[in-house]
Structure formats: structure tokens, C-alpha cells
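# Residue-level structure breakdown
In case you want the letters, here they are:
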Amino acid sequence: MEDDKITIENIVASTAIADKLDLSRIAMALDGSEYEPDQFPGLIYRLQEPKTAVLIFRSGKVNCTGAKDLDAVNRTIKTIVSQLRKAGIDVYDNPEIIVQNIVAVYDLGVSLNLTDIAMSLGLENVEYEPEQFPGLVYRVEEPKVVLLLFGSGKVVCTGAKKDDEILEAVNKLKEELKKIGYL
């Protein structure tokens, strides 16, 4: 990704580390894990380095959240697999990690009149109801992401699966804003 004004805030990724897991046993093995099956069907485990959290389910599926880059996702999953192996729990060798969502923030560096922009961008891809939510929701078709624009000029991008999709969506937005005289 090129633009240094784009900051990745969160990557959500998933994988499967086994066909099935005994979460009660894992709760004993992973110090500091939270497992309350009456409240939530998964086990929650937070890592300090990298600062991420994982949800581990009985099905063997694992969701990782909180990572700021793909390296942190990979390190998190490797750490979990390693800790479970040390505890004698049978897990896959190289689980395939699938990125589900990347959330990033971009600052356009200018204030925005969201009402004007909503009218100019057209109603097909825009939702703007300031009484409900202070941002303008702009759905980009390709890549399939959602951009939340705020009056401050800040833009939140969500739904990307790769970081270059974020850059592509931000560049498309900037082109659209240039066409209507905002940039």
C-alpha cells in the first residue's frame, strides 16, 4: 500500500486449527483465557504481543481480531497453535488464514459538507441520514468496500480483504471528490 495517510486499525481473519476442540481443556491450558459457555459459545484469548484477540470455537474455527497488519495475524495464529501443541492439544500444522475484513482510516485533509457530497455523488451508492449517524455511507462497487465519510475529512474504509483494495477505494473517492470540486 502506497499512501502513508492510510492507517490500518483492525484486521479480522479466520482459520481452522482442528476438526474439533475441547474448549474446557484449552481454557485450562491457556492462562488468562475466558470461557463462559453459558454467555458465549467460544473461548476468548488475548495476546499482549502482538496485541490481538482470538475467538476459539469447538468446531476448530478461530477468529483473530485487533491486528494492524498481516504479519501480526500470522504471528497470532502461530502463537496459538504453538501454545496448544505444548499443552498436548492436536492442531493442524499450517492452517490457512483468510482475511475477512480490514478496517482502515484515511484523512482527506479537508472539511467536508456531507449534504452537498451526498447530493453530488448520487443516491445509488450513498446513504446519509445525519439524525441517525453522523457519517455519509458510500458503497464502492469495485473493490467491494464501504467508505464512511465524516465532516472532519476523515474516512473509514471497511470491508476490504486486501490492503491494496483500500488504496484503490480511497483513490476512487478522491477522483469523485475532485470531479465535484472538493479536492
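Preceding this section is the structure that the text describes.
These lines cover the structure that appears in this document, whether it is placed above or below. (Residues numbered from 1 in each chain as written. Predicted model: local features only at pLDDT ≥ 70, side-chain atom pairs only at ≥ 80, totals over all residues. Heavy atoms only, no water.)

### Some details on the environment of Glu168
For the record, the criterion: Secondary structure elements are taken from DSSP: a helix is a run of H or I of four residues or more, a strand is a run of E of two residues or more, and numbering for both begins at the N terminus. Only heavy atoms matter for contacts: two residues are in contact if any of them lie within 4.5 Å across the pair.
When you line up the elements, Glu168 lands in helix α4 (residues 163–179). Taking C-alpha positions, Glu168 is 22 Å from Tyr128, a pair spaced 40 residues apart along the chain. If sequence neighbours within four positions are ignored, Glu168 has contacts with Glu142 and Pro143.

### Things to note about the environment of Asp4
Looking at the secondary structure, you find Asp4 in the segment before β1 (7–16). A C-alpha to C-alpha distance of 9.1 Å links Asp4 and Tyr106, two positions 102 residues apart in sequence.

### Side note on unusual backbone geometry
Residues Glu49 and Pro50 are joined by a peptide bond in cis, for which omega reads -5 degrees. Mapped onto the fold, Pro50 is located in the loop between β2 (43–47) and β3 (52–56). Cis geometry is adopted by the peptide bond preceding Pro143, which originates at Glu142 and carries an omega value of -5 degrees. Here Pro143 lies in the loop between β7 (136–140) and β8 (145–149).

### A few points about the pattern of salt bridges
Selection rule: We define a salt bridge as a side-chain nitrogen of Lys or Arg found within 4 Å of a carboxyl oxygen belonging to Asp or Glu. Burial status follows relative accessibility: with a 1.4 Å probe on protein chains alone, a residue under 20% of its type maximum counts as buried, one over 50% as exposed, and anything between as partly exposed.
Evaluation of the coordinates by the stated rule reveals nine salt bridges. Of the charged contacts, one joins Arg75 and Glu49 as a salt bridge, the two residues approaching to 3.0 Å between their closest N and O atoms. A residue pair is termed long-range when its members are at least 10 positions apart, and Arg75 in helix α2 (residues 70–86) and Glu49 in the loop between β2 and β3 qualify at 26 residues. Take Glu49: its relative accessible area is 61%, and that puts it in the exposed class.

### Concerning the sheet that holds β1
The test is simple: Strands are labelled as partners when DSSP assigns at least two bridges between them. Structural elements are reduced to axes, namely lines fitted to C-alpha atoms, with helices fitted over the stretch in contact, and the angle between N-to-C directions of any two is expressed from 0 to 180 degrees.
A sheet is described by the order of its strands in space; here nine strands give the open sequence β2-β3-β4-β1-β5-β9-β8-β7-β6, paired in antiparallel fashion. Strand pairing shows two members of the sheet lacking a second neighbour, β2 and β6 (126–127), which therefore form its edges. Across five bridges, β7 lies against β8 in antiparallel orientation. Following the sheet pairing, Tyr138 is matched in β8 by Leu147. Docked against the sheet, helix α3 (residues 114–121) engages β6, β7 and β8, running at close to 30 degrees with respect to β7.

### What to know about the side chain of Ser33
Short version of the rule: Two N or O atoms count as a polar contact when they lie within 3.5 Å, although within protein this holds only if one can serve as hydrogen donor and the other as acceptor, and sequence-adjacent residues are included solely when both atoms are side-chain atoms.
Following the sequence through the fold, Ser33 ends up in the loop between α1 (23–29) and β2. Exposure remark for Ser33: the relative accessible area of 16% places this residue in the buried category. Here the side chain of Ser33 touches Ala27 through a polar contact of 3.3 Å, landing on its backbone oxygen. Of the polar contacts made by the side chain of Ser33, one reaches the backbone oxygen of Leu30; its length is 2.9 Å. Setting aside anything within four residues of it in sequence, one finds Ser33 in contact with Ile26, Ala27, Leu43, Ile44 and Tyr45.

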